[in-house]
Amino acid sequence: MINKPRWLRDLVRFLPLKSQFLLSGNVRDLHAYEIAPDVVAALPLILCLQKELQECGYRDVIQFAPISGFSLPGVTNEPEILEVMARAGLGSENPRGMGLDILGNILGSFTSSTGDPAALVVDFASRLVNRADALTQAEHALFTNAQIVAHSANTRPAGPRRKPFYNTIIWIAERESDLPDWLTVDNPKLRTIPVAVPDSVTRKSLSRTLLRALPDAQDASDEVLGKSADAFVNLTEGLLLADMNAIAQLGRNEGLKVGEIADAIRRYKVGVTDDPWRMIDRSKISGAEDFIRSRVKGQDHAIVHMLDIIKRAVTGVGRSSTNGRPRGVAFLAGPTGVGKTELAKTITSLLFGDESAYIRFDMSEFSAEHADQRLIGAPPGYVGYDAGGELTNAIREKPFSVVLFDEIEKAHPRILDKFLQILDDGVLTSGRGDRVYFSEAVILFTSNLGIFRTDSTGNRIQNVSPDEPHEVVAAKVREEIRQHFKLNLNRPEILNRIGENVIVFDFIRPQIADAIFDSMVANLLESTRSIGFDISITDKAKTVLKEMCLRDLSNGGRGVRNMVEAHLANPLSRALFDTGEVGGAFRVEELSAGAVTSITLKREQRPS
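Undergrad: Mind laying out the overall build of the chain, listing which residues take part and the relevant values?
TA: Secondary structure summary: the chain contains 23 helices and 22 strands in total. Taken over the C-alpha trace, the chain has a radius of gyration of 34 Å; the compact-globule value for 608 residues is 25 Å, which it surpasses by more than 25%. Principal-axis analysis of the C-alpha atoms places the extent of the chain at approximately 110 × 65 × 60 Å. Counting across all 608 residues of the chain, residues that qualify as buried make up 49%. In the chain, once contacts between residues fewer than 6 apart in sequence are set aside, the share between residues at least 24 apart is 71%.

Below, the structure written as structure tokens:
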């Protein structure tokens, strides 16, 4: 014997005591109901009510909806509907449209009708009212009659156990507050029963039944069926039985096997049927180190570690079927301008072939206490509620993406609690109540933590320097990060979720700075060719330029780029503009330092 839903047990228990009921909450879902010994099916709420009430001794269960009027669950024959209506004291006219006046006028005749008990289920009761605190005349008359008949109704024995039953009125609404509170609050004859979302026990009772509809279910072993059923239950936490039914249907449509039900769940959650992770060319990732090194200089250890995370995400190694955590998580730490953000962009391009799948949030913009509302959306009643949150909207639109939270240490601590939900369960609830899933995303954090620290006097001093080997830099940075999350923020659990995926980038060393400089100069000269200028630079001028650009490496590759712009791009633009030419071949002969750098150009003959 399988336990019936709690709301149904409560309803049956109070049938002899209350003349009216209000069912609210998860009323549009399917509900688990035992249709035969040890056979559970997912039925609409109205069918569960009909079966249970008839089993108790009710002869008729009649449904009323604002637009369609009266009907019988599962019956389309109009004469039969009218016959039951007449027997239950509901008259012989079946109103179409709202029918508020007719419904209100016949409630008394229904509750006083003799014979076997009947139940009137007023479905979509929330649609009967425009505003519960400002009722129209017709709405007020309806619920006033309902309140009166609730107290005047009488019981009589019925059913196999001859229990006293009323002619019961059951209101079905999404929220208790949708009906006037003077009807529902402190009414001794009306019982409000919340209908909860299905718990794990309920989902488990249906999981095997739904899995048996998949193509290979008949041939699947009990072990495979059991593991898949457990995954079905665990991965549908927070979903409805209607969602589980739709997932099983998706599995059938896609021809998935029982052991692949987790794939159907993930696709259903993110709202897409294609899986870009399965379409990724693995040979492209196998040879990705050279591609990444061409864009991220001097960070070989970070590249290897990041590629390990990506390969694990693609292969699914160690990915549990019982949770929806993100595909990959990494914390990129280190000095400014060393390639942390560039690595995120490069990984996005590598995975999805499109850097637009890269979603970046500058966390310095989220330092205020209520900035989390920008990420997940404002709660009901607040300005911007309908717009949703920036993060939740972005993931809903692009569930397969790389999400970068830049300079995470600048975010308000309140926002960090949201990251715990993402890293733990891969889900975030928006201000509108929508659940957004991160199971197909790669989450990256960047931070400059650990480069500086606060000494005993409260002064900010440098914690690491380019003179130290990378192993020492990495150890010091990791320790400062650990101290920050443990002592300053009191949130060590965030680092626990990230685990060993804290990747510390090295300083830009002189040898790497040379390569970055050469690459930037080459790219700049190449770009001038696209606008009609063929520019070369002498070794002497290039040596002077390099000395200018690499004098200070404290700002990393970004600093080198700024120097190349200041000492080559700007004076070159000035010199070319002064020639009055719109194209041609020129050679940079000399660079002269000063308040602003100037260069000497010499015209060359284009090769014929």
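More follows now that the structure is in view.
Undergrad: Residues and numbers for the nonpolar core, please.
TA: Counting residues in hydrophobic clusters, the biggest one holds 83 residues, and the most contacted among them are Ile-292, Met-306, Ile-347 and Leu-351. Top contributing element to this core by residue count: helix H14 (residues 300-315), with 8 residues. Aside from chain neighbours lying at most four places away, what touches Ile-347 is Ile-292, Met-306, Ile-310 and Val-402. Counting residues in each nonpolar core, the second largest holds 44 residues, with Ile-359, Leu-391, Val-436 and Val-464 among its members.

Undergrad: Just give me the short version of the sheet that holds strand S22 (residues 598-604), but keep the residues and values in it.
TA: What the 3 strands build is an open sheet, ordered S20-S21-S22; its pairing is mixed. If you trace the sheet from one side to the other, it starts and ends with strand S20 (533-537) and S22, each paired once. Sheet twist, expressed as the average angle between the axes of neighbouring strands with direction ignored, equals 35 degrees. Pairing analysis gives 5 bridges linking S20 to strand S21 (residues 584-592), with the strands arranged parallel. Paired with Asp-534 across the strands is Ala-585, a residue of S21. Contacting S20 and S21, helix H22 (residues 539-549) runs over the sheet at an angle of about 50 degrees to S21.

Undergrad: I'd like to hear about the pattern of salt bridges, residue by residue, with values.
TA: Between side chains of opposite charge, a pair can form when the charged atoms approach closely. Counted under the stated rule, the structure contains 41 salt bridges. With a shortest N-O distance of 2.9 Å, Arg-491 and Asp-417 are connected by a salt bridge. Of this pair, Arg-491 sits in the loop between helix H19 (470-488) and helix H20 (492-498) while Asp-417 sits in helix H18 (residues 413-425), and the two are 74 residues apart along the sequence. With a relative accessible area of 16%, Arg-491 lands in the buried category. A residue is classified by how much of its surface remains accessible, and Asp-417, at 31% relative accessible area, is partly exposed. Among the ionic pairs, Glu-468 bridges to Lys-476, the shortest N-O distance being 2.6 Å. Taking the relative accessible area as the measure of exposure, Lys-476 reaches 30% and is therefore partly exposed.

Undergrad: Report on the sheet that holds strand S16 (residues 442-447), specifying residues and quantitative values.
TA: As summarised here, the arrangement of the 5 strands in space is S12-S13-S16-S11-S19, forming an open sheet in which the pairing is parallel. Both edges of this open sheet fall to strand S12 (358-362) and strand S19 (502-504), since each of them pairs with a single strand only. Within the sheet, the average angular offset between the axes of one strand and its neighbour, ignoring direction, is 20 degrees. Pairing geometry for strand S13 (residues 402-406) and S16, over 4 bridges, is parallel. Bridged to Val-402 within S16 is Val-442. Contacts between helix H15 (residues 340-352) and the sheet are confined to strand S11 (328-333), S12, S13 and S16, with S13 contributing the most and set at about 170 degrees to the helix.

Undergrad: Tell me about the side chain of Arg-327, residues and numbers included.
TA: Note on placement: Arg-327 falls in the loop between H14 and S11. Among the polar contacts listed, one links the side chain of Arg-327 to the backbone oxygen of Ala-313, at a separation of 2.8 Å.

Undergrad: Break down the pairing of strand S2 (residues 30-36) for me, citing the residues and quoting the values.
TA: Strand direction decides the pairing type here: S2 and strand S3 (residues 39-44), joined by 6 bridges, are antiparallel. Along S3, the bridge assignment pairs Tyr-33 with Ala-41. Joining the antiparallel neighbours S2 and S3 is a turn of 2 residues, in which Asp-38 adopts a positive phi near 65 degrees.

Undergrad: An account of the packing of aromatic side chains is requested, with residue identities and associated values reported.
TA: Tallying each qualifying case throughout the model produces 11 aromatic pairs. Ring centres 5.2 Å apart and planes at 45 degrees place the aromatic pair Tyr-58 and Phe-165 in the tilted group. In this pair, Tyr-58 is assigned in the loop between helix H2 (45-56) and strand S4 (60-65) and Phe-165 in strand S8 (residues 163-165), connecting sequence segments 107 residues apart. Residue classification places Tyr-58 among the buried positions, given a relative accessible area of 2%.

Undergrad: Report on H14, specifying residues and quantitative values.
TA: For H14, which comprises 16 residues, the first-to-last C-alpha distance of 22 Å matches the rise-based estimate of 22 Å (1.5 Å per residue) to within 8%. Among the residues making up H14, those that are buried are Ala-302, Ile-303, Met-306, Leu-307, Ile-309, Ile-310, Ala-313 and Val-314. For H14, the arc enclosing every buried residue in end-on projection is 160 degrees, short of the 170-degree limit, so these residues lie on one face. Phi turns positive, to about 80 degrees, at Gly-316, one or two residues after H14.

Undergrad: Break down the environment of Asp-29 for me, citing the residues and quoting the values.
TA: Position of Asp-29 among the secondary structure elements: in the loop between strand S1 (20-25) and S2. Judged by its relative accessible area of 2%, Asp-29 is buried. Residues Asp-29 and Ala-196 lie 167 residues apart in sequence; the distance between their C-alpha atoms is 9.9 Å. When near neighbours in sequence (up to four residues on either side) are disregarded, Asp-29 contacts Leu-43, Pro-44, Leu-45, Pro-198, Leu-240, Leu-241 and Ala-242. A polar side-chain atom of Asp-29 sits 3.0 Å from the main-chain amide nitrogen of Leu-241.

Undergrad: Lay out unusual backbone geometry with the relevant residues and their values.
TA: Even without being a glycine, Phe-124 presents a positive backbone phi close to 50 degrees. Positionally, Phe-124 belongs in the loop between strand S6 (118-122) and helix H5 (137-152).

Undergrad: Got a sec to walk through helix H8 (residues 222-235)? Specific residues and values, please.
TA: Since there are 3.6 residues in each turn of an α-helix, residues three or four apart along the chain are aligned in direction. Its 14 residues place the ends of H8 20 Å apart at the C-alpha level, agreeing with the 20 Å of an ideal helix rising 1.5 Å per residue. Looking at the buried residues of H8, the elements they touch are helix H7 (200-211), helix H9 (241-254) and helix H10 (261-270).

Conventions we followed
Residues numbered from 1 in each chain as written. Predicted model: local features only at pLDDT ≥ 70, side-chain atom pairs only at ≥ 80, totals over all residues. Heavy atoms only, no water. Helix = DSSP H or I, 4+ residues; strand = E, 2+ residues; numbered from the N terminus. Rg over C-alpha atoms; globule rule 2.2 N^0.38 Å. Buried < 20%, exposed > 50% of the residue type's maximum accessible area, 1.4 Å probe, protein only. Contact = heavy atoms within 4.5 Å. Core = buried A, V, L, I, M, F, W, Y, C linked by side-chain atoms within 4.5 Å. Pairing = 2+ DSSP bridges. Axes fitted to C-alpha atoms, helices over the stretch in contact; angles between N-to-C directions. Salt bridge = Lys/Arg side-chain N within 4 Å of Asp/Glu carboxyl O. Polar contact = N/O pair within 3.5 Å; in protein donor to acceptor, adjacent residues only side chain to side chain. Phe/Tyr/Trp six-rings, centres within 6.5 Å; stacked < 30°, edge-to-face > 60°. Expected span 1.5 Å × (residues − 1). Arc of directions from axis to C-beta.

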